[in-house]
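This is what each chain is made of:
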Amino acid sequence: MRILLTLLYVALLGNVLIAQNKSTFSHADTLRGHLSKERKCYDVIEYDLSVKVDISEQAIQGKNTITFIANNNFSVLQIDLSNNLKIDNIIYNNNELAFTRDHGAVFVKFNTTILKGSTQKFTITYSGKPLVAENPPWDGGFSWNADKDNNPWVGVSCQHTGASCWWPCKDHQSDEPQEMNIRITVPDSLFAVSNGKYKGNVKHPNGTRTYHWHVSYPINNYNVTLNIAKYEHFNEDYINHELMDTLSLDYYVLPYNTIKAKKHFTQVKPMMECYYQLFGKYPFVNDGYKLVETPYLGMEHQSCISYGNHYKEGYNGQDIWGAGFNFDYIIIHESAHEWWGNAVTTNDIADMWVHEGFTTYAEALYVECLYGKEAYLKYISGLKSKIRNDRPIIGKYNLNHMGSSDMYPKGALLLHTIRGIMENDSLFMALLKKIQLKFRFKSFNSSELENYINTN
């Protein structure tokens, strides 16, 4: 089985000798994608991010305290922040540190040697006008919008561009903080929603209010987001009796969509029932699950799913795979990312096929869960027509480069093929749960996953 699965891996993921659509890479690509010695020297433990959003000026003022552990002795480390944002200062032990900038890389120079094994923290204060997303969520940045009542409606999406387009961090998938605090200051009339669990708010005399959210699990940088609007909030609980698990389901929608949302979001509980059965317990149960209405189509922000599908079935009203099933693609797909992409995260964006391929396959399993095996086969068959075979679905490593969008259907079809070869659905479904347990909150690549499948 090992040899056969390896052949399938090569055939469906694409021969790496095929020419890439991007044949040359810049110095900036290397700075973002490569784990240099200035990045390897430390691991992030916690981010404590505060951002004040000036909606009228489309500007932000921010501060991030980064707690890290040193992997070896060093005096210089790299963090990342888009060079259109100004660094006001970097403070360590009450002293201001020197730094240099090279494209989006910031090289922080400590005034002492940081010793291996020590835990340290420093704070970077920054400001400016962040990148505006031209076509969210596919290109990153802020979406500055207004709702139908002309109230501000702001969101952030940054998967392809990187989190450093709006906040300073070690912008590489291999290093996730163990926890994170996010504080967002906005005009008092608005509500700010972010990842994790809501911890309350503080009203200020100047007419603003700061909302505090706490993420109690590892989180990859591109999943960190903020949403600002005059939101209406409602909630319910999903109870999984088999696992004795209660999950809080929270919904933040524009007020005039509340009635529509309460009806449309009835899809969430049956979806959770399927995913619990297929993949195990929701990975971020202590932080809860949120659907937040956004001015862009959607994004898998951890515990804070961005929803902009206009309460339509399919993909903005279209049957994306041509299989004829009536469910909201954004809810089902982006929520599946909580297991595949958020809990199980690859350490280089070259391997994003794992996130998207497994999640696309989760859609098919959701169809099977609700409608049966024949419906599943029809859904899988619909994926084939979208394959372009333009280039490999594994990108170039260490260069901040993703593979072809074929990663969605091809990744799913790979898993379907493996299931067929195994000829034992019980073993295959058990394998999916084992992958979750093996790789959850860990850093891994395609080869490690392939080896694990081959030996289990």
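Residues numbered from 1 in each chain as written. Predicted model: local features only at pLDDT ≥ 70, side-chain atom pairs only at ≥ 80, totals over all residues. Heavy atoms only, no water.

(A) Broad picture of the state of the cysteines. Overall, the coordinates contain 1 disulfide when judged by the stated rule. Across the disulfide from C274 sits C369; the S-S distance is 2.2 Å. Disulfide C274 to C369: torsion about the S-S bond roughly -90°, handedness left-handed. Taken together, the residues span a long stretch of sequence, with C274 in helix 5 (residues 268-279) and C369 in helix 7 (residues 353-371) at a distance of 95 residues. For C369, a relative accessible area of 33% translates into the label partly exposed. With no disulfide partner, C165 has as its closest neighbouring cysteine sulfur the one in C158, 5.0 Å distant. The structure places no disulfide on C169, whose sulfur is separated from the nearest cysteine sulfur, that of C158, by 8.1 Å. (Disulfide = S-S within 2.5 Å. Helix = DSSP H or I, 4+ residues; strand = E, 2+ residues; numbered from the N terminus. Buried < 20%, exposed > 50% of the residue type's maximum accessible area, 1.4 Å probe, protein only.)

(B) How the structure looks around the pattern of salt bridges. If you walk through the whole model with that rule in mind, you get 15 salt bridges. Among the ionic pairs, K269 bridges to E236, the shortest N-O distance being 3.6 Å. Separated by 33 residues along the polypeptide, K269 in helix 5 and E236 in strand 16 (residues 232-240) bring together distant segments of the chain. With relative accessibility at 27%, the residue E236 sits in the partly exposed group. A single network of salt bridges, built from pairs that share partners, joins E368, K373, R419 and D425. (Salt bridge = Lys/Arg side-chain N within 4 Å of Asp/Glu carboxyl O.)

(C) The pairing of strand 11 (residues 179-187), seen in detail. Pairing geometry for strand 1 (residues 42-54) and strand 11, over 7 bridges, is parallel. Bridge pairing in strand 11 links D48 to N181. Examined bridge by bridge, strand 11 and strand 14 (residues 208-215) share 8 bridges and lie antiparallel to one another. Each residue of the ladder has a partner; that of I184, found in strand 14, is Y211. (Pairing = 2+ DSSP bridges.)

(D) Summary view of the confidence of the model for the chain. The predicted model of the chain averages 94 in pLDDT, with 95% of residues at 70 or higher. The model gives residues 15-20 a pLDDT under 50, and that stretch makes 11 contacts with residues more than four places away or in other chains. (pLDDT = per-residue confidence, 0-100. Contact = heavy atoms within 4.5 Å.)

(E) How the structure looks around unusual backbone geometry. With an omega of 5°, the peptide bond running from P136 to P137 counts as cis. In this structure, P137 sits in the loop between strand 8 (119-128) and strand 9 (141-146). Positive phi, close to 55°, is recorded for N316, a residue that is not glycine. Of note, N316 is situated in the loop between strand 20 (305-307) and helix 6 (329-336). Not every positive phi belongs to a glycine, and N389 is a case in point at roughly 50°. With respect to the element layout, N389 can be found in the loop between helix 8 (373-383) and helix 9 (407-422).

(F) Structural view of the sheet that holds strand 4 (residues 86-92). A sheet is described by the order of its strands in space; here 8 strands give the open sequence 5-4-8-2-1-11-14-13, paired in mixed fashion. Whereas interior strands pair on both sides, the edge strands pair on one side only; in this sheet they are strand 5 (95-96) and strand 13 (197-203). Where strand 4 lies against strand 8, 5 bridges are found, and the strand directions are antiparallel. Directly across from N89, in strand 8, lies its bridge partner T125.

(G) Broad picture of the nonpolar core. Judged by nonpolar contacts, the single largest core of 137 residues is most densely connected at W166, F265, M272 and Y289. In terms of residues, this core owes the most to one element, helix 7, which gives 9 residues. (Core = buried A, V, L, I, M, F, W, Y, C linked by side-chain atoms within 4.5 Å.)

(H) Structural context of the environment of E293. Along the chain, E293 falls in strand 18 (residues 289-293). Here E293 is in contact with W153, Y231, Y252, V253, L254, N257, Y307 and Y311, once residues within four sequence places are set aside. Polar side-chain contacts of E293 include one of 2.9 Å to the backbone nitrogen of L254. (Polar contact = N/O pair within 3.5 Å; in protein donor to acceptor, adjacent residues only side chain to side chain.)

(I) Spatial organisation of the sheet that holds strand 19 (residues 298-299). Spatially, 5 strands are ordered 16-17-18-20-19 in an open sheet, and the strand pairing comes out mixed. Each having just a single partner strand, strand 16 and strand 19 make up the two edges of the open sheet. Those strands touched by helix 5 are strand 16, strand 17 (245-253) and strand 18, and its axis lies near 35° from that of strand 16. This element, helix 6, spans strand 18, strand 19 and strand 20 of the sheet and lies at about 165° to strand 20. (Axes fitted to C-alpha atoms, helices over the stretch in contact; angles between N-to-C directions.)

(J) Layout of the side chain of N195. Within the secondary structure, N195 sits in the loop between strand 12 (191-194) and strand 13. Look at N195 and you get buried, because its relative accessible area is 0%. Polar side-chain contacts of N195 include one of 3.4 Å to the side chain of S194. A polar contact is formed between the side chain of N195 and the backbone oxygen of N223, at a distance of 2.8 Å.

(K) Representation of the pairing of strand 9 in the model. As paired elements, strand 9 and strand 10 (residues 152-157) share 6 bridges and run antiparallel to each other. Bridged to G141 within strand 10 is S157. If you look at the hairpin formed by strand 9 and strand 10, you'll find 5 residues sitting between the two strands, and N150 has a positive phi there, around 65°.

(L) Highlighting helix 7. Between the first and last C-alpha of helix 7 there are 26 Å, a value that for 19 residues agrees with the 27 Å anticipated at 1.5 Å per step. The buried fraction of helix 7 is high, at 16 of 19 residues. At the exit of helix 7 stands G372, carrying a positive phi of roughly 105°. (Expected span 1.5 Å × (residues − 1).)

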